[in-house]
Amino acid sequence: MAETQKKITGASSAALFQIFRDGQARTKAELVELTGLARSTIQLRIDALIELGLLAPLTDAVSTGGRPSAQIALNPTARVVVAVDFGATKVSLAVTDLAGNILARTSSKMLIADGPETCLGWMVRTIRSELAGLKLKEADLIAIGIGLPGPVEHSTGKPSNPPIMPGWDAFNVPGFVNQHLKATVLVDNDVNIMALGEQKFAWPGVENMIFLKASTGIGSGIISSGVLQRGAEGIAGDIGHVQIARGSNVPCRCGNSGCLEAMAAGPALAEKLSLAGAQFKGKPIAALVDVIEATKAGELAAIQAVRQAGRDIGEVLTTCVSVLNPSVIAIGGSLALAGEHLLAGVREVVYSRSMPLATEHLTVAQSRAGVDAGIIGASVIAIDYALSIESIDLMTGAL
Ligand SMILES: [Zn+2]
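Draft legend 1. Examining the overall build of the chain more closely. Helices and strands together make up the secondary structure of the chain, namely 16 helices and 16 strands. Over its C-alpha trace the chain gives a radius of gyration of 24 Å, about what one expects of a compact globule, namely 21 Å for 399 residues. For the C-alpha atoms alone, the extent of the chain along its principal axes is close to 75 × 50 × 40 Å. Buried residues in the chain amount to 44% of all 399 residues.

Draft legend 2. Representation of the sheet that holds strand 9 (residues 184–189) within the structure. Read across the sheet, 5 strands follow the order 5-4-3-6-9 without closing on themselves; strand pairing throughout is mixed. Strands with a single pairing partner mark the edges of an open sheet, and in this sheet they are strand 5 (102–109) and strand 9. Strand-to-strand twist of the sheet, defined as the mean angle between neighbouring strand axes without regard to direction, takes the value 15°. Relative to strand 5, strand 4 (residues 90–97) runs antiparallel, the two being bridged by 7 bridges. By the bridge assignment, S92 is partnered in strand 5 with S107.

Draft legend 3. Fine view of the domain arrangement of the chain. What the domain assignment reports for the chain is domain 1 (2–74), domain 2 (80–195 + 374–388) and domain 3 (203–370). Placing the centre of domain 2 and that of domain 3 at their C-alpha centroids yields a distance of 26 Å. On the domain 3 side, the residues contacting the 11 residues of domain 2 number 16 residues. Sort the elements by how many residues they give to the side of domain 2 that touches domain 3 and helix 8 (residues 190–202) lands first, with 4 residues. Each residue belonging to the side of domain 2 that touches domain 3 can be placed in one class, and the counts come to 7 nonpolar, 3 polar and 1 charged.

Draft legend 4. Quick peek at unusual backbone geometry. A positive phi angle is found at A170, which is not glycine, with a value near 60°. Looking at the secondary structure, you find A170 in the loop between strand 8 (158–159) and helix 7 (173–178).

Draft legend 5. Here's a closer look at the packing of helix 10 (residues 266–275) against helix 12 (residues 300–324). Helix 12 packs onto helix 10 with a crossing angle of 145° between their chain directions and a minimal axis gap of 10 Å. As for how helix 10 packs across helix 12, the hand of that crossing is right-handed. Each of L269, K272 and L273 in helix 10 lies in contact with helix 12, whose residues at this interface are A301, A302, A305, V306 and A309. Its residues assigned to classes, the contact of helix 10 with helix 12 shows 7 nonpolar, no polar and 1 charged.

Draft legend 6. Quick look at the packing of helix 12 against helix 13 (residues 340–353). Helix 13 packs onto helix 12 with a crossing angle of 35° between their chain directions and a minimal axis gap of 6 Å. Crossing of helix 12 over helix 13 shows right-handed handedness. Along the lines of polarity and charge, the residues of the contact of helix 12 with helix 13 split into 12 nonpolar, 6 polar and 5 charged.

Conventions adopted
Residues numbered from 1 in each chain as written. Predicted model: local features only at pLDDT ≥ 70, side-chain atom pairs only at ≥ 80, totals over all residues. Helix = DSSP H or I, 4+ residues; strand = E, 2+ residues; numbered from the N terminus. Rg over C-alpha atoms; globule rule 2.2 N^0.38 Å. Buried ≥ 20, exposed ≤ 12 C-beta atoms within 10 Å, placed from the backbone. Pairing = 2+ DSSP bridges. Axes fitted to C-alpha atoms, helices over the stretch in contact; angles between N-to-C directions. Domains from an automatic or database assignment. Contact = placed C-beta atoms within 7 Å. Nonpolar A, V, L, I, M, F, W, Y, C, P; charged D, E, K, R; others polar. Left-handed = near helix turned anticlockwise from the far one by under 90°.

Structural data, given as structure tokens:
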């Protein structure tokens, strides 16, 4: 906020617009008081923003019979953004307004391993058809937020040695998309955008939280003091390869041994149950989906394995709690669909091993945004850019 206030001094239209991002309506008199600018300057800037459709006078139908009131507010329908969540085997895409309301959405089976041209080509075609379906022009689209299932160098939007994404390493995602669409492209890894999506959907006032994704891999997204933490190279929160005590000699695909992922991620659980001869509905348990179904159906061996995975994850999260002091840990990803058993294991360790003050107001909960966390989070990064000084300056010609 301090930065916003500073930029308001000598305010351009874009800087003035930042005041409206909290969604509150304001009068010109209030803006004069807030900024110290002359009323004539405010008038000029507001007129420019209203002409672009970014601000609109509130209509107060009750007291004035529909005449415009003196209050002005952000107009969330002025433009749109697109949110895209690529998983290993599926992609979801949504068009939202500037308040994050979903106007259209679609999803498709797609292998991320088919490479960037195939996946992003589908994305470009789908964005065009969805915009056409909404009777919108490409110029109405300001930004595209994309989540990818691997590490992403945040400053460039390029994937960085992603283990399950052949052909994507260092691929210029924004550059490729901008050959076809003009909108600004923002790329982040899927767990980071899920953290933002979970926060927006379920914990809007919470400034310190960890989102943990447990599925075929394990990772986390960290929000600290209200800001998503990406770290120096964009891999902050990548806790899947932290060694756990009982892991000692178990080899991991990363080359080390005893990693959390090698002990508690979906493939590890399926393998362990399979080797023990565990069955579900007369068939061997062979994949993560079997583990989830067997756990939900009350199969004891599967429940025990999932609960132990919760304890293993809890061991690493206990350290995170000491470092970050979050007030919420949200557990998502497909393994969380196994229900309370995973959470029970996490809680058992985190609450018993953390310092009392750190857990006094700590909530450990299942993700509430569920499968939508990624798509909501991708819209959050796109909208955050769309409403920024940089983006509005482009629209107003930096007036
Ligand atoms: Zn590892």
